[in-house]
Amino acid sequence: MNCSFYELRHKEVINRSNGCRIGFVDDLDIDVDCAKLRALIIYGGIRCFGLFGRKNDYVIPWDNIGLIGEDTILVDWDVPLAPSKKFFNGFKRRRHN
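Everything numeric here is computed off the predicted structure, so don't read it as measured data. (Residues numbered from 1 in each chain as written. Predicted model: local features only at pLDDT ≥ 70, side-chain atom pairs only at ≥ 80, totals over all residues. Heavy atoms only, no water.)

### Quick look at the overall build of the chain
Then, number 1: The helix and strand tally for the chain stands at one helix and seven strands.
Then, number 2: Overall, the chain shows an N-to-C arrangement of helices and strands of α-β-β-β-β-β-β-β.
Then, number 3: Long-range pairs, those at least 24 residues apart, make up 31% of the contacts in the chain between residues at least 6 apart in sequence.
Then, number 4: With the model as given, the accessible surface of the chain reaches about 8,200 Å², and the carbon-plus-sulfur share is 52%. (Helix = DSSP H or I, 4+ residues; strand = E, 2+ residues; numbered from the N terminus. Contact = heavy atoms within 4.5 Å. Areas by Shrake-Rupley, 256 points an atom, 1.4 Å probe, with all protein chains shown as cover.)

See the structure below:
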């Protein structure tokens, strides 16, 4: 089966173990020396209308891709948890006595 990058971009990536939707393919990591596909890249979503940048991108190694179907790509991959960042972490409350 041949599949172009254009066709991959319209497929949704789903984690096979828990059914979690990871996103749609945005980019590919290709080893140009041996012409092999190394990973699928899914860009992280924007934060607060883009004012605070983007969330982390997901890079799914090619070895973790289980099945490429008509509409979806099933992967065996645990989504790494991002460290929790609190916006007001640097501010401390003062105690008024």
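### Here's the deal with the sheet that holds strand β3 (residues 27-31)
Then, number 1: If you trace the three strands from one edge of the open sheet to the other, you get β3-β4-β5, paired in antiparallel fashion. Here the strands that pair on one side only, and so sit at the sheet edges, are β3 and β5 (58-61). Across this sheet, the average inter-strand angle for adjacent strands is 30°, counted without regard to direction.
Then, number 2: As paired elements, β3 and strand β4 (residues 36-42) share five bridges and run antiparallel to each other. Its bridge partner being in β4, Asp-29 is matched across the sheet by Ala-39. (Pairing = 2+ DSSP bridges. Axes fitted to C-alpha atoms, helices over the stretch in contact; angles between N-to-C directions.)

### What to know about the nonpolar core
Then, number 1: Counting residues in each nonpolar core, the largest one holds 12 residues, listed as Leu-8, Val-13, Ile-22, Val-25, Leu-28, Leu-40, Ile-42, Ile-60, Ile-65, Ile-73, Val-75 and Trp-77.
Then, number 2: Other than its neighbours up to four places away in sequence, Val-25 contacts Phe-5, Leu-8, Arg-9, Lys-11, Val-13, Leu-40, Ile-41, Ile-42 and Ile-73. (Core = buried A, V, L, I, M, F, W, Y, C linked by side-chain atoms within 4.5 Å. Buried < 20%, exposed > 50% of the residue type's maximum accessible area, 1.4 Å probe, protein only.)

### Brief notes about the pairing of strand β2 (residues 21-24)
Then, number 1: When strand β1 (residues 12-15) meets β2, the two strands line up antiparallel, connected through three bridges. Its bridge partner lying in β2, Ile-14 is registered against Arg-21.
Then, number 2: With antiparallel pairing between neighbouring strands as the criterion, β1 and β2 make up a hairpin whose turn holds five residues, including Gly-19 at a positive phi of roughly 75°.

### Quick look at the pattern of salt bridges
Then, number 1: In total, this model carries three salt bridges according to the counting rule given.
Then, number 2: A salt bridge links Arg-16 to Asp-76; the shortest N-O distance between them is 3.5 Å. Here Asp-76 lies in the segment after β7 (72-75) and Arg-16 lies in the loop between β1 and β2, a separation of 60 residues in the sequence.
Then, number 3: A relative accessible area of 42% places Arg-16 in the partly exposed class.
Then, number 4: You can call Asp-76 partly exposed: its relative accessible area is 42%. (Salt bridge = Lys/Arg side-chain N within 4 Å of Asp/Glu carboxyl O.)

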